[in-house]
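Architecture at a glance
Residues per chain, in single letters:
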Amino acid sequence: MTDPTSSARPSRYLLDRAWVDGAVRDDVLVEVVDGRFARVEPGAATATTATAATAGAATRLPGLTLPGLANCHSHAFHRALRGRTQRERGTFWTWRHQMYDLASRLDPDSYFLLARATYREMVAAGITGVGEFHYLHHQPDGTPYDEPNAMGQALVAAAEEAGLRICLLDTAYFSSGFGKPPEGPQVRFSDGDAAAWAARAGAGPAAIHSVRAVPRDQLAAFHGRAPLHVHLSEQMAENEACLAAYGVTPARLLHEADLLGPETTVVHATHLTDDDIELLGTTGTNVCITPTTERDLADGIGPAERLAAAGCPITLGSDSHAVIDLFEEMRGLEMDERLATEERGHWTAGDLLVAATGHGTLGVDDAGAIEIGRRADLVTIDTASPRTSGTGADEHTAAFAATAADVVHVVADGRVVHTKGDEAEIGRELDEAIGALWPS
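As the structure is a computational prediction, the values presented were derived from the model and not from experiment.

The next subject is the side chain of threonine 285. Position of threonine 285 relative to the elements: it lies in the loop between helix H8 (274–282) and strand S11 (286–289). A relative accessible area of 0% places threonine 285 in the buried class. A polar contact of 2.8 Å, which involves the side chain of threonine 285, links it to the side chain of threonine 283. With residues near it in sequence (within four places) discarded, threonine 285 still touches Leu260, Gly261, Thr264, Val266, Leu280, Cys312 and Pro313.

All right, on to the sheet that holds strand S8 (residues 206–208) then. One open sheet accounts for eight strands, arranged S5-S6-S7-S8-S9-S10-S11-S12; its pairing is parallel. Strand pairing shows two members of the sheet lacking a second neighbour, strand S5 (69–74) and strand S12 (314–316), which therefore form its edges. The mean angle between the axes of side-by-side strands here comes to 25°, regardless of whether they run parallel or antiparallel. In terms of strand pairing, strand S10 (residues 264–268) meets S11 through three bridges, oriented parallel. When the bridges of S11 are listed, valine 266 appears paired with valine 287. The sheet contacts of helix H3 (residues 108–124) involve S5, strand S6 (127–134) and strand S7 (165–172), and relative to S6 the element is tilted by about 140°.

Time to look at the layout of surface pockets. Roughly 490 Å³ of internal volume is contained in the largest pocket. As for the largest pocket, its lining consists of 31 residues, and the residues nearest its centre are Phe92, Trp93, Arg96, His209 and Arg212. Mapped by element, the contributors of at least two residues to the lining of the largest pocket are helix H2 (92–103) and helix H6 (236–246). For the lining of the largest pocket, a count of residues per class yields 12 nonpolar, 12 polar and seven charged. Approximately 270 Å³ is the volume attributed to the second largest pocket. Along the wall of the second largest pocket there are 21 residues; nearest its centre are Thr315, Val354, Thr357, Gly358 and His359. Within the residue set of the lining of the second largest pocket, elements represented by two or more residues are S12 and helix H12 (349–356). Taken together, the residues that form the lining of the second largest pocket break down as 10 nonpolar, eight polar and three charged.

A word on the pairing of strand S14 (residues 407–412). Burial analysis of S14 places five of its six residues in the buried class, the great majority of the element. Where strand S13 (residues 378–381) meets S14, four bridges bridge the pair, whose relative direction is antiparallel. Note that in S14 the partner of threonine 380 across the bridge is histidine 409. In this structure, S14 lies alongside strand S15 (residues 415–419), joined through four bridges in antiparallel fashion. Opposite valine 410, over in S15, you have histidine 418 as the bridge partner. In this antiparallel pair of consecutive strands, S14 and S15, the connection spans two residues, and aspartate 413 shows a positive phi of 50°.

Moving on, we come to H8. Regarding H8, the residues found buried are Asp276, Ile277, Leu279, Leu280 and Gly281. As for H8, its buried residues are in contact with strand S9 (228–232), helix H7 (250–256), S10 and helix H10 (304–310). Phi for glycine 284, located one or two positions after H8, is positive at around 70°.

What counts, and at which threshold
Residues numbered from 1 in each chain as written. Predicted model: local features only at pLDDT ≥ 70, side-chain atom pairs only at ≥ 80, totals over all residues. Heavy atoms only, no water. Helix = DSSP H or I, 4+ residues; strand = E, 2+ residues; numbered from the N terminus. Buried < 20%, exposed > 50% of the residue type's maximum accessible area, 1.4 Å probe, protein only. Polar contact = N/O pair within 3.5 Å; in protein donor to acceptor, adjacent residues only side chain to side chain. Contact = heavy atoms within 4.5 Å. Pairing = 2+ DSSP bridges. Axes fitted to C-alpha atoms, helices over the stretch in contact; angles between N-to-C directions. 1 Å grid on protein atoms, 1.4 Å probe; cavity = no way out; pocket = protein on both sides within 12 Å on 5 of 7 lines; lining within 4 Å. Points joined across faces, edges and corners; volume = space filled by probe spheres on them. Nonpolar A, V, L, I, M, F, W, Y, C, P; charged D, E, K, R; others polar.

All we've got here are geometric facts, nothing functional implied.
Quick look at the structure:
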């Protein structure tokens, strides 16, 4: 996990309202030293004379302030597909064809420009940490770059310039599907086998693209990697092919390889059996749900509530970036459950905020809360916008009314990384980076 550069100079903010200790509190004075919270004091404006004087000298942040949001599943280059894969209807497979076409166009320089613009969009949406599921490793014909990790380094540099912490999840991808070799653009994803992948990737965070892309006999190489992420049961076809190849479901396969547990995050988990849910829950495996992508690709609605009840911590991601808006992902968790069950009230606003601030699955256990000693991440939303006015200016405003457009100020590791007014510049940067990839 890399960090934005933080200043050693102390800074103080007076937060009109802030989500602290699981509730929204008024007049919260925070002091930041070396990128961490050194003081968190609710009710400061009406406290002792000395405290009130300190609060009066602090930078005031009007609105509702939250801890930094965590985007736990991202494919940065997919941002260039937004608005394009919707044309002429299409299916998951036509979407994938366009994704492969895009993948074949990128090099380290264009990847850096696209990722930096995409990460800036994330920061403007209140995201302070991202899990980048990175499998675009080599040149289009599969030949390694002179610097074998040039593409991953481009992502890290892009995140640093955008002011975003990144957990680079170097992703293994050896097969187009259960024993079949990589095909076409997939050859640039593959190192050949787990030994070659490990030699290039080195130690640290990792990802298994899916059980179809990493053969069963290669899975043991990932034991002990932390954090470890993996796509799981996104499509029914994956489950059927896994059963045909190995006689077990993808979740059971990972369990037999001893890869489930608190250091592992499975992404999507859409099509699960009762046994799968029990395996994931009893092992305490994290589950990352990406509602806007799962809708966009017509994947289906996963059993998120049942997974949480079974013991799985739930996190959120924007995945293919059809939308970059963790507020929408929060709502999607509840709203999709309502559609699936025809009942309301599955997740409280507090539950949704916990899911949206789950930095722990990115290898960062000291973020995600406005609390002394934690990383000083602050995301302030406007509570007087057309979307948020009259909604109570509390956690329900954040979970059920706000959008990314309501974010007005973002601090990451004590450093201001976004203020209202940056949006036009970010839009121009996105337009230039994407336009260069899709020349007219």
